[in-house]
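Residues per chain, in single letters:
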Protein chains: 2
Amino acid sequence: MALIVQKFGGTSVGDPEKIKNVAKRVLKKKNEGNQMVVVLSAMSGETNRLTEFALAMQDMPDLREMDVLLSSGEQVTISLFAMAVKALGDDCISFLGDQVKIETDNSYTKARIEGIDSDRITKELDSGKVVVVAGFQGVTETGDITTLGRGGSDTTAVALAAALEADACEIFTDVEGVYTTDPNICDNAIKIDRITYDEMLELASLGAKVLDIRSVTFAKQYNVPVHVRSTFTETEGTWVVAEEKAMEGKIVSGVTYNKNEARITISGVPDQPGIASKIFTPISNADIIVDMIIQNQDTGNGETDMTFTVARTDYQRTLQLLESVVKQTGAKGGIHGSDSITKISIVGVGMRNHSGIASTMFSVLSNEGINISMISTSEIKVSCIIEERYTELAVRALHDAFELGKESVPEEETLS
Amino acid sequence: MALIVQKFGGTSVGDPEKIKNVAKRVLKKKNEGNQMVVVLSAMSGETNRLTEFALAMQDMPDLREMDVLLSSGEQVTISLFAMAVKALGDDCISFLGDQVKIETDNSYTKARIEGIDSDRITKELDSGKVVVVAGFQGVTETGDITTLGRGGSDTTAVALAAALEADACEIFTDVEGVYTTDPNICDNAIKIDRITYDEMLELASLGAKVLDIRSVTFAKQYNVPVHVRSTFTETEGTWVVAEEKAMEGKIVSGVTYNKNEARITISGVPDQPGIASKIFTPISNADIIVDMIIQNQDTGNGETDMTFTVARTDYQRTLQLLESVVKQTGAKGGIHGSDSITKISIVGVGMRNHSGIASTMFSVLSNEGINISMISTSEIKVSCIIEERYTELAVRALHDAFELGKESVPEEETLS
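A brief structural summary. The shown structure was predicted, so the numbers you read here are calculated from the model rather than taken from an experiment.

Describing the interface of chain A and chain B
The accessible area lost on association of the parts is a frequent measure of interface size. Residue-level contacts link 26 residues of chain A with 26 residues of chain B. Where the side of chain A that touches chain B is concerned, the elements lending two or more residues are α2 (46–57), α3 (63–70) and α4 (72–87) of chain A. No other element matches the 11 residues that α4(A) contributes to the side of chain A that touches chain B. Here the side of chain A that touches chain B is built from residues that sort into 16 nonpolar, 7 polar and 3 charged.

Right, dumping it as C-alpha cells:
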C-alpha cells in the first residue's frame, strides 16, 4: 500500500462540480489500494475577491490580518471536498494548517515551513479516511496564522509528503507537465518524462511556472518524488526526481526564457575596492532584487563597467536610485539600459560532463544574427541576455539545435 | 477605565463600508477611556452562500465539515475589521475561536461553550490594542472547529464578557432594544430601559428575537450586564441585568406572542400509570420538541385528555406518529388539533409578589370574546393558547390593560 499526496490548485476546485470531480479522482486512486492525502488551494478568484476587500479597508493591508483573511479560502474548499467524498460513500476529514501544526516562521504572507506534526494525519489515514489539508497556510509557534505566498500550496503538498514519508507527491495543474520549451513558441516541444530537482530549480526560477520553486527545494532536500500532471487528463506528466544514472545521456533538458527583466549598465566607473558595494547597497536597501551581475575587466584606464539585471517593474526606480550613485562614484560613462530584453537559458544536468555546450549556444544565436549582451553560467545552465524581439526565434533555434523536439537522445557529436 | 465587549451582527458588518463605520464607533468608545473587545458575525448573506455550496456537495452535509466551512465567515470580517482600525490610526489584533481557546463540547453546529482562555486577550488589551474575536465559533479539546448555532455570536460576546469580567456587554442589532410588545402590533409599545435576566429569558423563549436565549442564560449565570441597542443610532437601548429592588414596582414588563406552535389533543385516554410515557416517547424519539403539556383531571370515568403543543412545522408528523399510539392506548376520543393557534404571554418579575395577575389576563381576553384553550404559568409569566386570528386583538388589549404603553408604573389597584 502506497501513501500518495495529491495537490489540486484553484482552477481544479473552482466550483462545486469541479470539487466533486476531484473527489472522484482521489477515490479512484484510493480504491487502487493507496492511502490518500489531498492538499487544496482556495477556489480560483477567491484570493482576488478577498484582496479587494482588504484594499477597501487599508491601502497597505496589515500583513498578519491579511493572512487571517486569505487563509479562509482553503477552509472553504477542504470542507466542501470532505463533504463530496462522504457523499460518494467514502470517509474523509479536513484539517487546517494549524490543526496539523504546519509550523512556520512569522514572516506573514511569505512564511517558511519549519515543521509538521503528522501524528493526527497518520492516525486518520490508518482508520481508512482520506485526509484533506488546507494548502498555503501555516501557524507560528505563538498560534498566529501565516500564509506561504503565491504557489504556497505546492510547498504544503511537498512538505506533507516529506513529513509523512509519502511514496509520491502529485501536483495537478492545468498543463500536462514540464516541456522542453514553451509549446506556444515551438510546435514540436515535448513533455519531459523525468527531470532532476536541480534542472527543475533552474527551469522554475527562469520562468517555467508549473511548479513553485520553494516546493522543488523542499522536494530535493527530502528526496520526495514529485509528479507534475494535468487535472483534466489521465496521461502521465513529468516526474521531478533525484538525479539518476540514465539522465546523464541527455545533455540539455530544456530551453526557457524570461521576459520580466531589464538590463542596466553603469559605465566608466573607477575600478576601486568597494565600488560594487556603493552601487548595489542603495538598490538592495530599496528591496530591489538583482539577478545577473557582470563586471568587465579593467582594460587599463582604471575604469570598469558594471552591468546587471533587475525585474522589469523595478527598472525606472533603479535608474532613479542610480543617479546619485553616478555622482558619488564619478562614473564617467553614465547609465544605459533597456527594458526590452529577454533572458534565454538552456538547462541540463548532462552539461556537467560535456564541454562545448555554451559555445554551441553562442554559435546558434550568432547564426541567427542575434547579439548577446550578457552571459551567465552555472554547472547545469547557460543564460544569455538578448533583445526581446528575438525571443521566439532564439527559443526555436536552440530547441532545434539541441534536438529537444525529437524523442531520441541527441548524439553528442552533433552538439559540440 | 472600563472593559467593554461589543458585538455586531451580520447586517452591521455586511460590506466594507459598514465595517469601517463599526470601527469608528468602537474607537469612539475606546477614546472615552475604555478597553474594547469586539465580537463580529459573518457578513450578512455569507452563511447562506456557504450553506448553498455545502448542499451542492451533500444532501445532509457532514456536521464537522459544516463547522469548518461556516467558521470561515467570521474569519473574513474580523481581519477586515482589524485592518479598518489600523487604517484609522489605532491598533487592533484579531483572534479566531481556537486562538483564544473558546473551548466547547463536540456537538457540531450547536456546541456549548465550556471555557475561555483570556490570557492573550488581556495581554493585548493591556498593550493598548482593540481585540476583535470571531463570534459563533469555538474549538473542542481535540482541536476540531465547532460552531454555536444561529445567534451564537451573542453567546460568544457574553461568554467573553464573563471570562474577562467585563463591565458591560453591548449587543448591537437592528432594533433599538426590547419593547413592551411588538411595535408592529401596538403603536404605543415602548422600549424597556431595564429588564431582568429571567424576564428576558421568558421573552426570548416566547418569541422576541432580539437576543439569543443561550446568551441570556450565560449572562445570568455570570452576572454580566447586557446592553441591547441599535447599530444605527446613538440612543440607549435596553439593559438586561440582575433583579433590582426598584424593578418590583413594575408587575408586567411585556406582552409577547408566538405563532409558531400547533396544539394537539388526544382524548379519552385510559387514566393509567405510564400513559404519558406511551404518548410522548415516540414523539421525543422523533426529535420533536413538546412545549406546553396539560393533562386534565380524570372526571370519574377512568379516562383523561392530554393536550400539548409542538412546533407548527412538526404538526403533521406528530399527528401521524400518534395514530399508532391511539390504537395502543385505546384512546376513545381520538386525536384533535389545530395549527392556527397563538401562544400569548405576559412576563414580569413583579408577578411573584402580586396575586390576581393571571385572572386579570383571563378577564381581559374574555371581555374581547377570545376563548382560551390552554393555560400555562411560571413564577414570572402567564401563557394562554388562543386562536391565531385573535393575536393582534389580544396583544393590544393586554398591553393596554397592564398600561405598558405609558411611561408611568401602573397603579396596583387597577390591575387586581
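Past the structure itself, the notes keep going.
Quick notes on the environment of Val26(A)
All names here are of chain A. For valine 26, the position within the fold is in helix α1 (residues 16–31). Valine 26 gets classed as buried once you count the C-beta atoms within 10 Å, which come to 25. C-alpha of valine 26 to C-alpha of valine 37: the two residues are 11 residues apart in sequence and 8.9 Å apart in space. Valine 26 has contacts with Gln6, Met36, Val38 and Val130, leaving out every residue within four places of it along the chain.

A closer look at the relation of the copies chain A and chain B
Superposing chain A onto chain B takes a rotation of 180° combined with a translation of 0.1 Å along the rotation axis, leaving an RMSD of 0.1 Å. The operation mapping one copy onto its partner corresponds to a two-fold rotation axis. Of the C-alpha atoms belonging to chain A, the one lying closest to the rotation axis is found on Ser72(A), 2.6 Å away. The fraction of interface residues of chain A whose copies in chain B are also interface residues reaches 100%, indicating that both copies meet through the same surface.

Remarks on the pairing of strand β3 (residues 92–95) of chain A
All names here are of chain A. Of the two faces of β3, the one carrying Cys92 and Ser94 and the one carrying Ile93 and Phe95 are both buried. Across 4 bridges, the pairing between β3 and strand β6 (residues 130–134) is parallel. Paired with phenylalanine 95 across the two strands is valine 133, which belongs to β6.

Some words on unusual backbone geometry
Of note in this structure, Phe136(A) is not a glycine but carries a positive phi near 75°. If you trace the backbone, Phe136(A) turns up in the loop between β6 and β7 (137–139). Residue Phe136(A) is classed as buried on the basis of its 29 C-beta neighbours within 10 Å. Unlike most non-glycine residues, Glu403(B) shows phi in positive territory, near 50°. Checked against the element boundaries, Glu403(B) lands in the segment after α12 (391–401). Note on Glu403(B): 17 C-beta atoms within 10 Å, which makes it partly exposed.

Calculation criteria
Per chain, residues are indexed from 1 in the order of the written sequence. Each chain is given a letter, starting from A, and each ligand a number, starting from 1, according to the order in which they appear as written. Per-residue local features are limited, in this predicted model, to residues with pLDDT of at least 70; the limit for side-chain atom pairs, both in listing and counting, is 80 or more; totals at the level of whole chains, interfaces and linings are taken over all residues. Any residue pair is listed as a contact if its two C-beta atoms, each placed from the backbone, are within 7 Å. Each helix is a run of DSSP H or I of at least 4 residues and each strand a run of E of at least 2, with the numbering of both proceeding from the N terminus. Under the scheme applied here, ten amino acids are nonpolar (Ala, Val, Leu, Ile, Met, Phe, Trp, Tyr, Cys and Pro), four are charged (Asp, Glu, Lys and Arg), and all others, including Gly, are polar. Put plainly, a residue is buried at 20 or more neighbouring C-beta atoms within 10 Å of its own, exposed at 12 or fewer, and partly exposed in between, counting only other residues' C-beta atoms, which are placed from the backbone. When the copies are superposed, the least-squares fit takes in the C-alpha atoms of residues with a pLDDT of at least 70 in both. Strands pair, by our definition, only if DSSP identifies at least two bridges between them.

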